[in-house]
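Structure at a glance
Here is how the chains run, residue by residue.
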Amino acid sequence: IKMLNLHEGQLVVEAKGIYSIEKFLVARRLMYWQVYLHKTSVAAERMLINILKRAKELALQGVELFATPALHYFLYHKISLSDFSKSTKVFESFMKLDDADFFSAIKVWMNHEDFVLSLLCKSFINRRLFKVEVGSEAVDKSVQQNVLKRYMQRFNISMEEAQYLMGDSIVSTDTYSPKDENINILMKDGSIQDIAEVSDMLNIQVLTKKVSKHFFCYLKLED
């Protein structure tokens, strides 16, 4: 903070702060791939998403689900992003949501008569999270189809229901992108340069490169 300054209307970091910025970028890269996008985090998030999608589908079919008032509102109404600016009730209901709403509902849904919802909730609470495969390319569709068929045969469920037991996604992130927002360095001669240009780190180009990873999540079948 002491090395932040204003120069010609721009927020800059004084040149002596270059190494601090470099350490910040390295830490940011490590946090993304080792914490925020760790396999366990990705698996838990995907399972939670599938639970809520299944609950939403059942709710819109008129199936009775336990839920706190705030969660019940979002389950039993079709809400779009634009509704947040049109209705104060939508925004107020959203602000009332927190972890307790979801965890209490998931614990109750463990015993719901819907097999898929119950299975996902039991797995989530008991930390039998999705298995995750990470690669530079997406898992072949034939592999996904084979996984779905195994679910259908094991649990005697439909293709549509089996899809809730897996999921795939692609995550892209760059540690630092000058195109989005610059980190300006105020040099001793009064000039302003981007951190990517003045850093003497050998891997500064790696930090500015967008990295994409494919995640394939699926429920592991017990023998």
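Given the structure is predicted, the values throughout are model-derived calculations rather than measurements.

Side note on the nonpolar core
In terms of nonpolar packing, the biggest core is built from 46 residues, with Ile51, Leu65, Leu75, Trp109, Leu117, Tyr151 and Leu165 touching the most fellow members. Counting residues per element, the ones that place at least two in this core are helix H2 (39-60), helix H3 (69-75), helix H6 (99-109), helix H7 (115-125), helix H8 (141-155), strand S4 (166-173) and strand S7 (211-218). Considering each element in turn, this core owes the most residues, seven residues, to H2. What leucine 117 contacts, discounting residues up to four positions off in sequence, is Ile51, Arg54, Ala55, Leu58, Leu65, Trp109 and His112. With 10 residues, the next largest nonpolar core counts Ile18, Ile21, Tyr176 and Ile185 among its residues.

Quick notes on the packing of H2 against H6
Running from amino to carboxyl end, H2 crosses H6 at an angle of 70 degrees, the nearest separation of the two axes being 12 Å. When the interaxial angle is binned, H2 and H6 end up roughly perpendicular. When H2 is examined against H6, the residues Leu48, Ile51, Leu52 and Ala55 are found in contact with a partner set consisting of Phe102, Ile106 and Trp109. A per-class count over the contact of H2 with H6 returns seven nonpolar, no polar and no charged.

Describing the pattern of salt bridges
By the definition in use, this model includes four salt bridges. The salt bridge involving glutamate 57 is made with arginine 54; its shortest N-O contact spans 2.8 Å. Here arginine 54 and glutamate 57 lie together in helix H2, a separation of three residues that amounts to about one turn. The buried category is assigned to arginine 54, whose relative accessible area is 6%. Here arginine 54 and glutamate 161 are joined by a salt bridge, their closest N and O atoms 3.5 Å apart. Taken together, the residues arginine 54 in helix H2 and glutamate 161 in helix H9 (residues 159-162) connect sequence positions 107 residues apart. Ionic contacts of the salt-bridge type, sharing partners, join the residues Arg54, Glu57, Asp114 and Glu161 into one network.

About the cut-offs
- Residues numbered from 1 in each chain as written.
- Predicted model: local features only at pLDDT ≥ 70, side-chain atom pairs only at ≥ 80, totals over all residues.
- Heavy atoms only, no water.
- Core = buried A, V, L, I, M, F, W, Y, C linked by side-chain atoms within 4.5 Å.
- Buried < 20%, exposed > 50% of the residue type's maximum accessible area, 1.4 Å probe, protein only.
- Helix = DSSP H or I, 4+ residues; strand = E, 2+ residues; numbered from the N terminus.
- Contact = heavy atoms within 4.5 Å.
- Axes fitted to C-alpha atoms, helices over the stretch in contact; angles between N-to-C directions.
- Parallel < 35°, antiparallel > 145°, perpendicular 65-115°, else oblique.
- Nonpolar A, V, L, I, M, F, W, Y, C, P; charged D, E, K, R; others polar.
- Salt bridge = Lys/Arg side-chain N within 4 Å of Asp/Glu carboxyl O.

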